[in-house]
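The residues making up each chain are set out below.
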Number of protein chains: 2
Amino acid sequence: MGGEDTLLPVEPVFLKSLRDHVYGLVRDAIISGKLKGGDKLNERQLASQLGISTTPLKEALRVLEAEGLVRSEARRGIYVTFDAAQAEEMMLARAAIESMIARQAAKHVTKAQVTQLRTLIVEMRAGLETVDVLELIALNERFHNVIHEASGCGYLRRLQSGQNIYTQTARLIVLSEERERFQAVEEHEAIADAIASHDAELAERLMRDHVIRSGEKHLIRVQAEN
Amino acid sequence: MGGEDTLLPVEPVFLKSLRDHVYGLVRDAIISGKLKGGDKLNERQLASQLGISTTPLKEALRVLEAEGLVRSEARRGIYVTFDAAQAEEMMLARAAIESMIARQAAKHVTKAQVTQLRTLIVEMRAGLETVDVLELIALNERFHNVIHEASGCGYLRRLQSGQNIYTQTARLIVLSEERERFQAVEEHEAIADAIASHDAELAERLMRDHVIRSGEKHLIRVQAEN
DNA sequence: ATCTGAAATTTGATATATCAATTTGCCGCG
DNA sequence: CGCGGCAAATTGATATATCAAATTTCAGAT
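No experiment lies behind these values; they were computed from the predicted model shown.

**Description of the overall build of chain A**
(1) Moving on: Counting its secondary structure elements, chain A contains 10 helices and three strands.
(2) Moving on: Counting from the amino terminus, helix and strand elements in chain A follow one another as α-β-α-α-β-β-α-α-α-α-α-α-α.
(3) Moving on: Principal-axis analysis of the C-alpha atoms gives chain A an extent of 55 × 35 × 35 Å.
(4) Moving on: On chain A, roughly 10700 Å² of surface is accessible, and the fraction owed to carbon and sulfur atoms is 52%.

Structure representation (structure tokens):
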């Protein structure tokens, strides 16, 4: 087993339910590598470490199992299944879903949303000049959010968010390379153009290639950290 | 190790945990329309109806929530969120993921797997002649399974299976149309050719269009039933 | 020393009790 | 009649106890 002793307390204010809080703790521990593929989780022990009962923990583990991060064997144990190979597949899943969202966005986007996308591109170019990486990260998120909203696909959006395994620091590191910053903005502009011209097929392909290319860089970073 | 293959006389039904069983019951009720979008579920009442305690039910509901079929509001209630719009989005999700799987399959497929695909196509043609719809359904599943295996993507495969909302009867009805049977086999052959020639881009596009076109027919059927 | 198998232990599965937030209903006041 | 507001009822959240399957331990036989 790997280092779940470093998983921490649940003391913080009751902003959300224990199960949601614990879900986040364990998921982060898995994604960040504190819990590695093959590690066994003990319900009682983990609940006791967190200072909670097994009920909310069991519910959190069920969600993680539904997401494919752990596998539960009846009366045997709960094992972490997430590894580098799955990280790559989750990136591919993001690419698949995000590109389908872009496809739908190209079909349903409004003129106002096109304007929002173009404005964001302009701001991204400004961010390139000032080398404001944090600002670029925020703009990237807003850019994708506008596309999500344009698509009108709430379920796909939700499904997509479940495939996110990149931390803020990983994003910072990836965008610390000037070449990457420029390429990302170029790709975003091409995607915005495709959506603006209602070219669903092109928007889908460009988005897929963008997510995969950018994702590979993140994955390299993640692997380097572990 | 080994030899346990002949020692499994236990009924599968009893091996399944209550939570898994209940999960299946509620999911089917939602997908089939017995529970409609907006319906409120009461934990105690439902547990009592099913003759179980709330513990396994809560876990089942957490999984359904993770899948986006219900939404839980703390100390307020659990509401069914699945509706026709989400059914369409789940079909799009299937198309997105299945096409990504086809893309990976085109990259990693072996000669033996290509042979399997070609054999299945031949059998499908035979099924067209004999109008054996059940056989066609089984062949379709095997066809997609070979592609899944060729892709080597276990996570994507799992994610894909979560998007399945078609019943056997729905498949029967859709394939009851001769035009649909022929078109499906034609599309399958084109997909097999693309994968055989390692054309990832084409395989992805063909698979996506196939799942969407075929999915729309299923959705029309589902809507007609409700 | 190795194998067998039964007892003790572990552990997830399930049931039940309790807590606390929310809703509901009723009463009185304007 | 309408509107606050408090008490009771409802309900999901959490804690704890119990059950049963799986694993481990270890005595006894070979």
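**Concerning empty space enclosed by the protein**
Residues and elements named next belong to chain B.
(1) Moving on: On inspection of all chains with the given rule, the structure shows two cavities of 30 Å³ or more.
(2) Moving on: Approximately 30 Å³ is the volume attributed to the second largest cavity.
(3) Moving on: Contributing to the lining of the second largest cavity are Leu136, Asn140, Leu175, Arg181, Ala184 and Val185.
(4) Moving on: At the level of secondary structure, the elements contributing two or more residues to the lining of the second largest cavity comprise helix 7 (133–151) and helix 10 (178–196).

**A short note on the relation of the copies chain B and chain A**
(1) Moving on: Mapping chain B onto chain A leaves a residual RMSD of 0.1 Å; the transformation is a rotation of 180 degrees accompanied by 0.1 Å of translation along its axis. On the angle and the small slide along the axis, the relation comes out as a two-fold axis.
(2) Moving on: Here 100% of the interface residues in chain B have copies in chain A that are interface residues too; the copies meet face to matching face.

**Re helix 6 (residues 111–130) of chain B**
Residues and elements named next belong to chain B.
(1) Moving on: The end-to-end C-alpha distance of helix 6, which contains 20 residues, comes to 29 Å, matching closely the 28 Å that a straight helix rising 1.5 Å per residue would cover.
(2) Moving on: Looking at helix 6, one finds that the buried residues are Gln113, Val114, Leu117, Leu120, Ile121, Met124, Gly127 and Leu128. Each buried residue of helix 6 lies within a common arc of 130 degrees when the element is viewed along its axis, so the set occupies one face. In helix 6, those exposed residues whose orientation departs by more than 90 degrees from the buried face are Lys111, Val122, Glu129 and Thr130.
(3) Moving on: Check the buried side of helix 6 and you find it contacts helix 5 (84–108), helix 7 and helix 10.
(4) Moving on: Of the residues trailing helix 6, Val131 is marked for its positive phi of about 55 degrees.

**Considerations on helix 7 of chain B**
Residues and elements named next belong to chain B.
(1) Moving on: Compared with an ideal rise of 1.5 Å per residue, which puts 19 residues at 27 Å, helix 7 spans 27 Å between its outermost C-alpha atoms and is within 8% of the ideal.
(2) Moving on: Within helix 7 the residues assigned to the buried category are Val133, Leu136, Ile137, Leu139, Asn140, Phe143, His144, Val146, Ile147, His148, Ala150 and Ser151.
(3) Moving on: Backbone geometry just after helix 7 places Gly152 at a positive phi near 70 degrees.

**Quick word on the pattern of salt bridges**
All names here are of chain B.
(1) Moving on: Enumeration over the complete set of coordinates arrives at 40 salt bridges over all chains.
(2) Moving on: The salt bridge partner of Glu180 is Lys217, with a shortest N-O separation of 3.5 Å. Taken as a pair, Glu180 in helix 10 and Lys217 in helix 11 (residues 200–225) lie far apart in primary sequence, 37 residues in all.
(3) Moving on: A relative accessible area of 3% means that Glu180 is categorised as buried.
(4) Moving on: Using a relative accessible area of 28% as the deciding quantity, one classes Lys217 as partly exposed.
(5) Moving on: Asp209 serves as the salt-bridge partner of Arg208, at 3.2 Å between the closest nitrogen and oxygen.
(6) Moving on: In this structure Arg208 comes out as buried when scored by relative accessible area, which is 5%.

**What about the confidence of the model for chain A?**
The predicted coordinates ought not to be read in detail in places where the model reports low pLDDT.
(1) Moving on: This prediction gives chain A a mean pLDDT of 92; 93% of its residues lie at or above 70.
(2) Moving on: Contacts of residues 1–14 of chain A to residues separated by more than four positions or lying in other chains number 28 contacts, the stretch itself having pLDDT below 50.

**Some remarks on the sheet that holds strand 2 (residues 70–73) of chain B**
Residue and element names in this part refer to chain B.
(1) Moving on: Judged by pairing direction, the sheet is antiparallel, and its three strands sit side by side in the order 1-3-2 without closing on themselves. Lying at the two open borders of the sheet, with one neighbouring strand each, are strand 1 (40–41) and strand 2.
(2) Moving on: Bridge analysis of strand 2 against strand 3 (residues 77–80) gives four bridges, and the strand direction is antiparallel. From the neighbouring strand, Arg71 faces strand 3, where its bridge partner is Tyr79.

**Topic: the packing of helix 6 (residues 133–151) of chain A against helix 9 (residues 178–196) of chain A**
Residue and element names in this part refer to chain A.
(1) Moving on: Between helix 6 and helix 9, the least distance of the axes is 12 Å, while the angle of their chain directions is 20 degrees. Here helix 6 is positioned roughly parallel relative to helix 9, judged by the angle of their axes. Note on packing geometry: the crossing formed by helix 6 with helix 9 is left-handed. Residues Val133, Leu136, Asn140, Phe143, His144 and Ile147 of helix 6 touch helix 9, and the partners they reach there are Arg181, Val185, His188, Ile191, Ala192 and Ile195.
(2) Moving on: Its residues assigned to classes, the contact of helix 6 with helix 9 comprises eight nonpolar, three polar and one charged.

**Let's talk about the protein's contact with DNA strand C**
(1) Moving on: Taken together, 21 residues lie near DNA strand C, and Arg44 of chain A together with Leu18, Thr55, Arg75 and Arg76 of chain B sit nearest.
(2) Moving on: Near-protein atoms of DNA strand C (within 4 Å) split between backbone and bases, with sugar and phosphate holding 64%.
(3) Moving on: One of the backbone nitrogen or oxygen atoms of Leu41 of chain A is found 3.2 Å away from a phosphate oxygen of DNA strand C.
(4) Moving on: Residue Glu43 of chain A places a main-chain N or O atom 3.1 Å away from a phosphate oxygen belonging to DNA strand C.
(5) Moving on: When residues of the surface near DNA strand C are traced back to their parent elements, those giving at least two are helix 2 (43–50) of chain A together with helix 2 (18–32) and helix 4 (54–66) of chain B.
(6) Moving on: In the surface near DNA strand C, the residues fall into five nonpolar, six polar and 10 charged.

**Side note on the sheet that holds strand 2 (residues 70–73) of chain A**
All names here are of chain A.
(1) Moving on: Reading across the sheet, the three strands line up as 1-3-2 and stay open at both edges, with antiparallel pairing between neighbours. Lying at the two open borders of the sheet, with one neighbouring strand each, are strand 1 (40–41) and strand 2.
(2) Moving on: Of the strand pairs in this sheet, strand 1 and strand 3 (residues 77–80) are connected by two bridges, and their pairing is antiparallel. Paired with Leu41 across the strands is Ile78, a residue of strand 3.

**Brief notes about the side chain of Arg208 of chain B**
(1) Moving on: Here Arg208 of chain B is to be found in helix 11.
(2) Moving on: Here Arg208 of chain B is in contact with Met100, Arg103, Glu201 and Glu204 of chain A together with Ala95 and Ser99 of chain B, once residues within four sequence places are set aside.

The rules behind these values
Residues numbered from 1 in each chain as written. Chains lettered and ligands numbered in written order. Predicted model: local features only at pLDDT ≥ 70, side-chain atom pairs only at ≥ 80, totals over all residues. Heavy atoms only, no water. Helix = DSSP H or I, 4+ residues; strand = E, 2+ residues; numbered from the N terminus. Areas by Shrake-Rupley, 256 points an atom, 1.4 Å probe, with all protein chains shown as cover. 1 Å grid on protein atoms, 1.4 Å probe; cavity = no way out; pocket = protein on both sides within 12 Å on 5 of 7 lines; lining within 4 Å. Points joined across faces, edges and corners; volume = space filled by probe spheres on them. Least-squares fit on C-alpha atoms with pLDDT ≥ 70 in both. Contact = heavy atoms within 4.5 Å. Expected span 1.5 Å × (residues − 1). Buried < 20%, exposed > 50% of the residue type's maximum accessible area, 1.4 Å probe, protein only. Arc of directions from axis to C-beta. Salt bridge = Lys/Arg side-chain N within 4 Å of Asp/Glu carboxyl O. pLDDT = per-residue confidence, 0-100. Pairing = 2+ DSSP bridges. Axes fitted to C-alpha atoms, helices over the stretch in contact; angles between N-to-C directions. Parallel < 35°, antiparallel > 145°, perpendicular 65-115°, else oblique. Left-handed = near helix turned anticlockwise from the far one by under 90°. Nonpolar A, V, L, I, M, F, W, Y, C, P; charged D, E, K, R; others polar. Near = heavy atom within 4 Å. Polar contact = N/O pair within 3.5 Å; in protein donor to acceptor, adjacent residues only side chain to side chain.

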